[in-house]
Amino acid sequence: NNAVSAYQSCDRRTGLLRRDIEEESAKGKRTDQERLDRLRILYDSGIKTLQESAQGIRRASQNFGWLFNPGPPPLVSVRDLLDEEDALIEYFSIRDTLYSLVVRNDTSYIFRGYRSAAKTLADITEYDRLIGDSRTADYAVRGVSTASAFRIDELSKLLGDALVEPALRYLDGVRHLYIVPPVEYGIFPLHTLRNGGKFLAEDYYIHYLPTASVLLMSGRETGEMTRITAVGHSGTTGRDVEYELKDIRSFYEDAEMVFNQDATLSALVSLDTDVLHIGAEFNLDTEYPDNTCCVLSDGRSISVPDHVPVGILLKISSPRLMILYNISSERGMLGRYIPLMFLANG
């Protein structure tokens, strides 16, 4: 905890220095070169301190060491973990240009996109909005449904040409495709994009990663999973999670169900299960991550919820598979931060 706290303090200072460097550099001819040089020296020193802090965290936990590493993982480390039928694609932007990095087990490629990164992001935002609109599938609203379906299909092809097609020449023999999308894309379903007339999901098993470092983290073997538990709490929402999660019983009639007043932190911590499905309200605070919480029951009152810091959820004895179902009314609030925390915990 002390190592993580020291890392966070240094990270905040380094972030402020980076912002000052960007602001000073943007002044053009009015740039104070002496101040800029001093800022860069301090920034380089901050990065070195971050790297040393990450090494200290790695000594306590290899997985969290990868998570806190200030730079990307070495390509050779990622390549060594990929089989012949695996490939990783990572997208990133420099100014308004989108780049793609394709990694195979023996080599890697980097290429520049032909579309504006801002335009691509705008199309992704529209695509996400349309496929998440319930009216798209409501045939009673025939005009809206038809127009939305046409636009969704158009964007699927357009974004497929921009994000998928350039990488295809490097994917011969690939079955498992690991994708690391930019943070600003949110939870974006690249598997629904079209390459020609086919969806990407028809040709590859798609795996989404919040960071390529996940490949370097150790986890539990999956094996056969027989004990399945669903925990649900509506939090401050009006969602009937009991009604929704009981659908699991359609597939696994022996699944254990823990709902409402019984859905407490102590109940979660004491569970011994292979698969844990948590349907709850997660509130993500990116400014102050320590305030990020999961809303559960206090075990005493039906109406008073217990806002449990997500870090405390790491006390859960690690199941082999965890499914996080965020019922927050704000779309995309789960982000990458919470899943990555559980991945780093094994």
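The coordinates are above.
What counts as what
Residues numbered from 1 in each chain as written. Predicted model: local features only at pLDDT ≥ 70, side-chain atom pairs only at ≥ 80, totals over all residues. Heavy atoms only, no water. Pairing = 2+ DSSP bridges. Helix = DSSP H or I, 4+ residues; strand = E, 2+ residues; numbered from the N terminus. Axes fitted to C-alpha atoms, helices over the stretch in contact; angles between N-to-C directions. Contact = heavy atoms within 4.5 Å. 1 Å grid on protein atoms, 1.4 Å probe; cavity = no way out; pocket = protein on both sides within 12 Å on 5 of 7 lines; lining within 4 Å. Points joined across faces, edges and corners; volume = space filled by probe spheres on them. Nonpolar A, V, L, I, M, F, W, Y, C, P; charged D, E, K, R; others polar. Buried < 20%, exposed > 50% of the residue type's maximum accessible area, 1.4 Å probe, protein only. Lys, Arg positive; Asp, Glu negative; His and termini not counted. Salt bridge = Lys/Arg side-chain N within 4 Å of Asp/Glu carboxyl O. Polar contact = N/O pair within 3.5 Å; in protein donor to acceptor, adjacent residues only side chain to side chain. Expected span 1.5 Å × (residues − 1). Patch = residues over 30% accessible without salt bridge, like charges linked within 9 Å, V, L, I, M, F, W, Y side chains within 5 Å. Areas by Shrake-Rupley, 256 points an atom, 1.4 Å probe, with all protein chains shown as cover. Parallel < 35°, antiparallel > 145°, perpendicular 65-115°, else oblique. Left-handed = near helix turned anticlockwise from the far one by under 90°.

Looking at the sheet that holds strand β3 (residues 108–116)
Remark on secondary structure: sheet strands pair via backbone hydrogen bonds, oriented parallel or antiparallel.
Part 1 of the reasoning: Pairing is mixed across the open sheet formed by five strands, whose spatial order is β3-β2-β1-β4-β7. In this open sheet, the two edge strands, each paired with only one partner strand, are β3 and β7 (205–208). Going across the sheet, the axis of each strand differs from the next one's by a mean of 25°, ignoring polarity.
Part 2 of the reasoning: One ladder, built from four bridges, connects strand β4 (residues 176–180) with β7; its direction is parallel. Residue pairing in the sheet places L177 in a bridge with I206 of β7.
Part 3 of the reasoning: Lying on the sheet, helix α5 (residues 117–131) is in contact with β1 (86–94), β2 (97–103) and β3; it crosses β3 at an angle near 80°.

Some words on the layout of surface pockets
Part 1 of the reasoning: One number sums up the size of the second largest pocket: a volume of about 1600 Å³.
Part 2 of the reasoning: Every residue lining the second largest pocket is counted, 44 residues in all, and those nearest its centre are Y208, P210, L324, P339 and L343.
Part 3 of the reasoning: Among the elements of the structure, β13 (321–326) and α10 (337–344) are those that each provide at least two residues to the lining of the second largest pocket.
Part 4 of the reasoning: In terms of residues, the lining of the second largest pocket owes the most to one element, β13, which gives five residues.
Part 5 of the reasoning: Of the residues assigned to the lining of the second largest pocket, the class counts are 26 nonpolar, twelve polar and six charged.

What to know about the side chain of R104
Part 1 of the reasoning: With respect to the secondary-structure elements, R104 resides in the loop between β2 and β3.
Part 2 of the reasoning: Salt bridges are absent for the buried R104, whose nearest opposite-charge side chain, D106, sits at 5.6 Å.
Part 3 of the reasoning: One polar contact links the side chain of R104 to the main-chain carbonyl oxygen of D172, over a distance of 3.3 Å.
Part 4 of the reasoning: If near-sequence neighbours (up to four positions away) are discounted, R104 is found in contact with R79, L82, E84, D86, A87, Y170, L171, D172 and V174.

Points about the environment of A3
Part 1 of the reasoning: By the element assignment, A3 lies in helix α1 (residues 2–25).
Part 2 of the reasoning: Judged by relative accessible area, A3 falls into the partly exposed class, the value being 34%.
Part 3 of the reasoning: Once the C-alpha coordinates of A3 and T125 are considered, the two residues, 122 residues apart in sequence, prove to be 38 Å apart.

Overview of helix α2 (residues 33–60)
Part 1 of the reasoning: For α2, spanning 28 residues, the distance from its first C-alpha to its last is 41 Å, which sits close to the expected 40 Å at 1.5 Å a residue.
Part 2 of the reasoning: When we look at burial in α2, the residues that qualify are L36, L39, G46, L50, S53, A54 and I57.
Part 3 of the reasoning: Where the residues of α2 are buried, they touch α1 and α3 (62–68).

What to know about a nonpolar patch on the surface
Part 1 of the reasoning: Together, M225, L321 and I323 make up an exposed nonpolar region whose accessible area comes to about 210 Å².
Part 2 of the reasoning: As for its placement among the helices and strands, I323 is situated in strand β13.

Re the packing of α1 against α2
Part 1 of the reasoning: The geometry of α1 relative to α2 is characterised by a closest axis approach of 9 Å and an angle of 155° between their N-to-C directions. If you check the angle between α1 and α2, you find them roughly antiparallel. Crossing angle aside, the handedness with which α1 passes α2 is left-handed.

So, empty space enclosed by the protein
Part 1 of the reasoning: As enumerated under the stated definition, the model contains two cavities of 30 Å³ or more in all.
Part 2 of the reasoning: Reported here for the largest cavity is a volume of approximately 70 Å³.
Part 3 of the reasoning: Together, Y91, L98, Y99, S100, F111, G113, Y114, R115, T120, A162, L163 and P166 line the largest cavity.
Part 4 of the reasoning: If you list the elements that add at least two residues to the lining of the largest cavity, you get β2, β3 and α6 (142–163).
Part 5 of the reasoning: At four residues, the largest contribution of residues to the lining of the largest cavity is made by β3.
Part 6 of the reasoning: For the lining of the largest cavity, a count of residues per class yields eight nonpolar, three polar and one charged.
Part 7 of the reasoning: Space inside the second largest cavity adds up to approximately 30 Å³.
Part 8 of the reasoning: Around the second largest cavity, the lining residues are I89, Y91, V164, L171, L177, I179 and L200.

What to know about the environment of A255
Part 1 of the reasoning: Note on placement: A255 falls in the loop between α8 (241–245) and β9 (256–259).
Part 2 of the reasoning: Here A255 falls in the buried class, since its relative accessible area comes to 3%.
Part 3 of the reasoning: Along the chain, A255 and T120 lie 135 residues apart, while their C-alpha atoms are 43 Å from each other.
Part 4 of the reasoning: Once residues lying within four places of it in the same chain are set aside, the contact partners of A255 are I228, I248 and R249.

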